[in-house]
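Listed below, chain by chain, are the residues.
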Number of protein chains: 4
Amino acid sequence: MHMTSVQRARVAVAGASGYAGGEFLRIAANHPHLEVGTVTAHSNAGATLGSLHPHLRSLADRVLAPTSVEALAGHDVVVLALPHGASGEIAAQLPDDVLVLDLGADHRLVSAAAWEQFYGTPHAGTWPYGLPELLHVHDGAVTGRQRDALRGATRIAVPGCNVTAVTLGLQPGVAAGLIEPRDVVAVLANGYSGAGKALKAHLLASEALGAAAPYAVGGTHRHIPEIQQNLLTAGADAVTLSFTPTLVPMARGILATATARLVPGADPAAVRDAWAQAYADEPFVHLLPEGQWPSTAMTLGANTALVQVAVDAAAGRVVTVTAIDNLVKGTAGGAVQSLNLALGLPETAGLTTEGVAP
Amino acid sequence: MHMTSVQRARVAVAGASGYAGGEFLRIAANHPHLEVGTVTAHSNAGATLGSLHPHLRSLADRVLAPTSVEALAGHDVVVLALPHGASGEIAAQLPDDVLVLDLGADHRLVSAAAWEQFYGTPHAGTWPYGLPELLHVHDGAVTGRQRDALRGATRIAVPGCNVTAVTLGLQPGVAAGLIEPRDVVAVLANGYSGAGKALKAHLLASEALGAAAPYAVGGTHRHIPEIQQNLLTAGADAVTLSFTPTLVPMARGILATATARLVPGADPAAVRDAWAQAYADEPFVHLLPEGQWPSTAMTLGANTALVQVAVDAAAGRVVTVTAIDNLVKGTAGGAVQSLNLALGLPETAGLTTEGVAP
Amino acid sequence: MHMTSVQRARVAVAGASGYAGGEFLRIAANHPHLEVGTVTAHSNAGATLGSLHPHLRSLADRVLAPTSVEALAGHDVVVLALPHGASGEIAAQLPDDVLVLDLGADHRLVSAAAWEQFYGTPHAGTWPYGLPELLHVHDGAVTGRQRDALRGATRIAVPGCNVTAVTLGLQPGVAAGLIEPRDVVAVLANGYSGAGKALKAHLLASEALGAAAPYAVGGTHRHIPEIQQNLLTAGADAVTLSFTPTLVPMARGILATATARLVPGADPAAVRDAWAQAYADEPFVHLLPEGQWPSTAMTLGANTALVQVAVDAAAGRVVTVTAIDNLVKGTAGGAVQSLNLALGLPETAGLTTEGVAP
Amino acid sequence: MHMTSVQRARVAVAGASGYAGGEFLRIAANHPHLEVGTVTAHSNAGATLGSLHPHLRSLADRVLAPTSVEALAGHDVVVLALPHGASGEIAAQLPDDVLVLDLGADHRLVSAAAWEQFYGTPHAGTWPYGLPELLHVHDGAVTGRQRDALRGATRIAVPGCNVTAVTLGLQPGVAAGLIEPRDVVAVLANGYSGAGKALKAHLLASEALGAAAPYAVGGTHRHIPEIQQNLLTAGADAVTLSFTPTLVPMARGILATATARLVPGADPAAVRDAWAQAYADEPFVHLLPEGQWPSTAMTLGANTALVQVAVDAAAGRVVTVTAIDNLVKGTAGGAVQSLNLALGLPETAGLTTEGVAP
């Protein structure tokens, strides 16, 4: 489907009761070329969107249908916001010419072995990866960006939120051969919405307020193989990654501090240029002026990634810091950006770069 | 000025370094009929918007000019986001056919005596009041709403944020003669952005986190006469108000709990209907379904007011709760709504009802 | 039991896995005259305290026993931190000479009718009420304080947290005949720990951060009859109360704004004196200097109530604001204060007035 | 001075208006062997403690004297909570037999060159370092801990808060020769009180709420040479450190994620044992059970450090996470612990291990 500027594509959202599905609906409700069709849920089927997402005023009266292939039929676009492992079966039954975006992890990884190691279920296959800014590097030269693979696509695997932040922070240095991808260390400050709406004691407000606490420490987080895959695409020959996310008391946002050693002999003065060039023409990824550091609050509700980079000569490391809204650029906004490319719309349609701050 | 659907009005913002000015720019940058022109500041003149408001990505390179009548000249719209008392002099020198919106208090009050009692400076005069939903009641009958006075206006006094919340909560009952305006009690939970960007110790994050604390207790808050004025417009014969705002640890949002006694002999069953009718056709003020209560988070970044009302028979009081984003519906979004009316644009142009939640 | 200064009383805690039970243990672990004995739980029986309350370092290895009369036997003190309605049956089986403190509501109300109206279960009976500062007024004169009834008591009903805050704010004016108890309005900002550890969606951090939202609006909150009962004790002839709690993004704390009309003819100048006299000798209730307002953060972890009062002459109302830590002065600290009285210890033993701030 | 169990030492606090000085007073006010004497300030001289630190109830009426050697004279203990660079001159004029604790950085570093590189002022000299748990390693064997150097000391340099967290996290592995100190990466989540009470725009609550943002990125933070110094003491032959602190929306707390490569050939199975042995007998540093991760909230107000360690075999790194309250174990509590050692008191006197949670 290639849209003209006056058409609206009808979009169905499966898993609309969760945070990712709700955020997609928030953006879709204000998108000039999208029209929200069926919305579905599992245990919340029968409820109104207004009762589950009181912030979605224009859709408050919509009633959630039970998730099924039938309910999702007859739309131009289907968005799957389902638990990991649940989208493969439904996706397989949707027509080939419908644009399907999977906000879950099922179709992101190329390596079935990595999938099975980290997710423990059979691999559902690999779809075009929805990170338009991802650099493709072959033999040390940038040969393109991932957006080329998304134009006209009918299946898109939307990246993980942490993955987006870490990849955008590091890839310019990897692509330019300036940083060593074999000993990357990434520590992230994460807002609670990234953990979803599950009723778990450690997600209660009483526990969260005043607390910073890590989770999935020691190489167990499922986003690790996805980051490795991206940095390989960006030119790394191998990627070793220590990855530690930490929950901090905010609803949204990821601040990813990712550091890698400067390649021996590399010119530190070339670092800033590499990042500047990588993102000079990107509408949603902004290298901040020198001395200004990203804050997650600046990206709230926006499809913006703010990036900064510094060389620590004494430590021999390049330090990058990237801020995104995990639900926008990290999930639903990134999905709409890819959707726009797939449908032939302007890449920025329906998306804003202005964060809601303070 | 009456705009066609394809024109863009050029807007200058005086006091663009503060939170109110920044928020107007955030909305203006995404408004289909506005084009941001000159931005000015006082002590921050010479700085870029990007250094002061890193979230305003599309305007990051704009340089702030010193605030002056000359700098503001040549625009279709001028927005004054200046400290109270500072806008009168500048406004007096702007051409009559330019639309001027004052986000400060200077031109809100009809009563010069009330102005002088609460603000202590000479009264700058009264402009059309920018609360489109304000009910006009004469002899017990609704004769119109404030939006009628805003169409084609060239001067608009934008309401105070607390005032908007309390007025929207109470006015249906006042207009319907169901609640007694002579002993109103309002207590508000306020986000910190309402206190502005001034460098004061009690506004530091270390002091705010984990803290709820009142301010301006005991009848001293400057929004009191403005609320009284509005409820008089909505049909009260006299208004007595106990008003206590409290700062709570959130950046944005007002939750206003406002209660008044049910008029003796009034039918409690009529209460819900009165509120429902008052807001049935309002695009931005929503009475929630029975049993659902407003949360400020649901209005973040949106021009939405969420209202709920209950009758406490044992206490003989009607309790209303209203949630808004103080910087949007409470300030800059309300301003744009009025601007839209003044310029003949759709009232909802450039505004969203969908809050950024969670 | 009347203790000497070198003894330690052995205390058992039933319901130790919740926030109230955990807080009692935090204080008990540092109390010079208490020794923690058996700790029990329902669904968490078998778990260690360290897994449920990692902050209780000195008790981390204790294993929770299933709650039963047998498990609680053989202690000098038993603390019941059970869901409302669950303590009556257990309490009835404990020996008369054991000091039993009920942190739940079961034994607070004198009126069985009020209990049944608000709680819907049979009344378990009334115990001495554990608010030592509660004024007793007969025929317009203060005849004593509740602490007199607690010395040597063997059963104590610990007050509700909101009740403590509102009662302490208003009782000096009621006792002095300065404020009219027939149209009290109280609005509270509440930290999330007051809502307990239940796994409910609206208690998730993602929902709470950035949100202020009311609950139990319109006369339904169970603390209403308890406040009324206290103000009657303090000299009111009848109490009418509009009561609205609101959750705000903090883990602990209650800020209670409670207002009542100045009695016609009463001298506004007498107001401050009444509050000053009421609390001049209280170790834990402090009237702040004029112009300084309470903040919940100042009471964190302390058994302190900070009170301020102002007269709003234009509104004809006295406004009081009271800050407490809901888990300390509002629950477990208040319980220890009463326990000290019951056991003949210094009233302040094991308690601090210094809040953990900032 | 060596105290008997019934004596109280009189302590003066210079710089009592800031957060560090206030926190020392909070602990001192509840310490069985301390008596608060003179409190001083610079710009706040003449104010009461109650106006600056309303949480310090028992000291509310104390008036701050101007900071001077004369004002500090006549005390057994003097605590300097002054800006970096300000304590050297005052300390030099205090009698040798008075115990002086410097909460600032001036006397921490052994290397004058490192001091001058990071602080830019002349070096004031080196005092015994107040981290009792610091391991002393020579030729691969633990020869003692820093507490041995603090018994009877009359001058103590209290460590930096970030330094305490990172040192406690890493030193067991360094001392045991299990981790490689030449490529340490530490990323910290920091509460705002660590940034002090300075009136800076980025410390305002409006900016902080919802925001995670780094500062002092790229090798510029002044705590770097101090961490290096400590790890050298703990047995490292050289230390290379990438260090990035990030502000997150909490008033207190440091969560330090510090990672280092496993030494080639080292046995991963030995890692847990090394940490367990290092802290088995420490009253304030607790290695959590396997699978349980530290949260800053668990240490609030307590002198506790919670530590966890994991081996990430795929990344070849050991990951440690340490949580402390920056104002307690990170500053004032650590100071009291050292003071206890210096005065011959029980090391734990006046300190608690129980955090105020939730």
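Keep in mind that what you see is a predicted model, and the values were worked out from it rather than measured.

Conventions and cut-offs
- Residues numbered from 1 in each chain as written.
- Chains lettered and ligands numbered in written order.
- Predicted model: local features only at pLDDT ≥ 70, side-chain atom pairs only at ≥ 80, totals over all residues.
- Heavy atoms only, no water.
- Least-squares fit on C-alpha atoms with pLDDT ≥ 70 in both.
- Contact = heavy atoms within 4.5 Å.
- Pairing = 2+ DSSP bridges.
- Helix = DSSP H or I, 4+ residues; strand = E, 2+ residues; numbered from the N terminus.
- Axes fitted to C-alpha atoms, helices over the stretch in contact; angles between N-to-C directions.
- Buried area = accessible area lost by both parts, 1.4 Å probe.
- Salt bridge = Lys/Arg side-chain N within 4 Å of Asp/Glu carboxyl O.
- Polar contact = N/O pair within 3.5 Å; in protein donor to acceptor, adjacent residues only side chain to side chain.
- Nonpolar A, V, L, I, M, F, W, Y, C, P; charged D, E, K, R; others polar.
- UniProt positions renumbered as here; feature names shortened; annotations may be inferred.
- Phe/Tyr/Trp six-rings, centres within 6.5 Å; stacked < 30°, edge-to-face > 60°.
- Buried < 20%, exposed > 50% of the residue type's maximum accessible area, 1.4 Å probe, protein only.
- Parallel < 35°, antiparallel > 145°, perpendicular 65-115°, else oblique.
- Left-handed = near helix turned anticlockwise from the far one by under 90°.

**Here we look at the relation of the copies chain B and chain C**
Step number 1: Aligned on chain C, chain B shows an RMSD of 0.0 Å; the corresponding rotation is 180 degrees and the shift along the axis is 0.0 Å. Seen this way, the second copy is the image of the first under a two-fold rotation axis.
Step number 2: Both copies contact each other with a shared surface, as 100% of the interface residues of chain B are interface residues in chain C too.

**A look at the relation of the copies chain D and chain A**
Step number 1: In screw terms, the move from chain D to chain A is a rotation of 180 degrees and a rise of 0.0 Å along the axis, fitting with an RMSD of 0.0 Å.
Step number 2: Same-surface contact between copies: 100% of interface residues of chain D are shared with the interface of chain A.

**Points about the sheet that holds strand β1 (residues 9-14) of chain C**
The strands that make up a sheet are held in pairs by hydrogen bonds between backbone atoms, and each pair lies either parallel or antiparallel.
Residue and element names in this part refer to chain C.
Step number 1: If you walk across this open sheet you meet the 6 strands as β3-β2-β1-β4-β5-β8, and the pairing is parallel. Each having just a single partner strand, β3 (65-66) and β8 (155-157) make up the two edges of the open sheet.
Step number 2: In this structure, strand β2 (residues 34-41) lies alongside β3, joined through 2 bridges in parallel fashion. Paired with Thr40 across the strands is Ala65, a residue of β3.
Step number 3: Helix-sheet contacts for helix α1 (residues 19-28) involve β1, β2 and β4 (77-80), and the interaxial angle to β2 is about 160 degrees.

**Concerning the interface of chain B and chain C**
Step number 1: Contact residues are listed per partner, giving 42 residues for chain B and 42 residues for chain C.
Step number 2: Taking both sides of the interface into account, the surface hidden between chain B and chain C amounts to around 3,100 Å²; carbon and sulfur atoms contribute 66%.
Step number 3: For chain B, the biggest contributors to the area lost against chain C are Ala212, Pro214 and Val217 of chain B; these three give 14% of the whole.
Step number 4: Between Arg317 of chain B and Asp183 of chain C there is a salt bridge, with its nearest N and O atoms 2.7 Å apart.
Step number 5: Remark: the boundary between chain B and chain C carries 10 residue pairs in polar contact (both at pLDDT 80 or more).
Step number 6: Put simply, the parts of the chain that give the side of chain B that touches chain C at least two residues each are β9 (179-190), α7 (205-208), β10 (213-214), β11 (241-247), β12 (254-262), β14 (305-312) and β15 (317-324) of chain B.
Step number 7: Of the residues that constitute the side of chain B that touches chain C, the class distribution is 24 nonpolar, 12 polar and 6 charged.

**What to know about the UniProt feature "domain: Semialdehyde dehydrogenase NAD-binding" (unreviewed entry) in chain A**
Step number 1: Look at the UniProt record and you will see "domain: Semialdehyde dehydrogenase NAD-binding" (unreviewed entry) annotated at residues 10-141 of chain A.
Step number 2: Across residues 10-141 of chain A, the secondary structure splits into 24% helix and 21% strand, with the terminal C-alpha atoms separated by 39 Å.

**Digging into the packing of aromatic side chains**
Residue and element names in this part refer to chain B.
Step number 1: Applying the stated criterion to the full structure yields 4 aromatic pairs over all chains.
Step number 2: Aromatic pair Trp115 and Tyr119: ring centres 3.9 Å apart, planes at 10 degrees, arrangement stacked. Highlighted residues: Trp115 and Tyr119, both in helix α5 (residues 112-119), separated by 4 residues, approximately one helical turn. This pair shows no difference in class: Trp115 is buried, exactly as Tyr119 is.

**Concerning the sheet that holds strand β8 (residues 155-157) of chain A**
Residues and elements named next belong to chain A.
Step number 1: The strand order across the open sheet built from 6 strands is β3-β2-β1-β4-β5-β8, with neighbouring strands paired in parallel fashion. Every interior strand has two partners, whereas the edge strands, β3 (65-66) and β8, have only one.
Step number 2: Across the sheet, helix α1 (residues 19-28) lies against β1 (9-14), β2 (34-41) and β4 (77-80), angled at about 160 degrees from β2, the strand it touches most.
Step number 3: Sheet strands in contact with helix α11 (residues 328-343) are β1, β2, β4, β5 (99-102) and β8, and its direction is about 160 degrees off that of β5.

**Notes on the UniProt feature "active site" (unreviewed entry) in chain A**
Residues and elements named next belong to chain A.
Step number 1: Feature annotation in UniProt assigns "active site" (unreviewed entry) to the following positions: Cys161.
Step number 2: Within the secondary structure, Cys161 sits in helix α7 (residues 161-175).
Step number 3: Other than its neighbours up to four places away in sequence, Cys161 contacts His223, Ile254, Ile324, Asn326, Gly330 and Thr331.

**Observations concerning the pairing of strand β9 (residues 179-190) of chain D**
Residues and elements named next belong to chain D.
Step number 1: Burial runs high along β9: 10 of the 12 residues are buried.
Step number 2: Two elements, β9 and strand β12 (residues 254-262), share 8 bridges in a ladder whose sense is antiparallel. Within β12, the position partnered with Asn190 by the bridge is Ile254.
Step number 3: Bridge count for β9 against strand β11 (residues 241-247) is 7 bridges, and the pairing is parallel. Bridge assignment links Asn190 to a residue of β11, and that residue is Leu247.

**Some remarks on the packing of helix α1 (residues 19-28) of chain D against helix α11 (residues 328-343) of chain D**
Between two packed helices, what matters for the description is the angle formed by their axes and the separation of those axes.
Residue and element names in this part refer to chain D.
Step number 1: Contact geometry of α1 with α11 gives a least axis separation of 9 Å together with a crossing angle of 50 degrees. As judged from the angle between their axes, α1 and α11 are oblique. Crossing of α1 against α11: the hand is right-handed. Along the contact surface, α1 presents Ala20, Glu23, Phe24, Arg26 and Ile27, while α11 presents Val328, Thr331, Ala332, Gly333, Ala335, Val336 and Leu339.

**Description of the interface of chain D and chain A**
Step number 1: The partner chain A presents 42 residues to the 42 residues of chain D that form the contact.
Step number 2: For the pair chain D and chain A, the two sides together bury roughly 3,100 Å², of which 67% comes from carbon and sulfur.
Step number 3: Our count for the chain D to chain A interface comes out at 4 salt bridges.
Step number 4: Measuring nitrogen to oxygen at the nearest pair gives 2.7 Å for the salt bridge that ties Asp183 of chain D to Arg261 of chain A.
Step number 5: Between chain D and chain A we count 10 residue pairs in polar contact (both at pLDDT 80 or more) in total.
Step number 6: Contributing elements (two or more residues each) for the side of chain D that touches chain A: β9, α8 (205-208), β10 (213-214), β11, β12, β14 (305-312) and β15 (317-324) of chain D.
Step number 7: Partitioning the side of chain D that touches chain A into residue classes produces 24 nonpolar, 12 polar and 6 charged.

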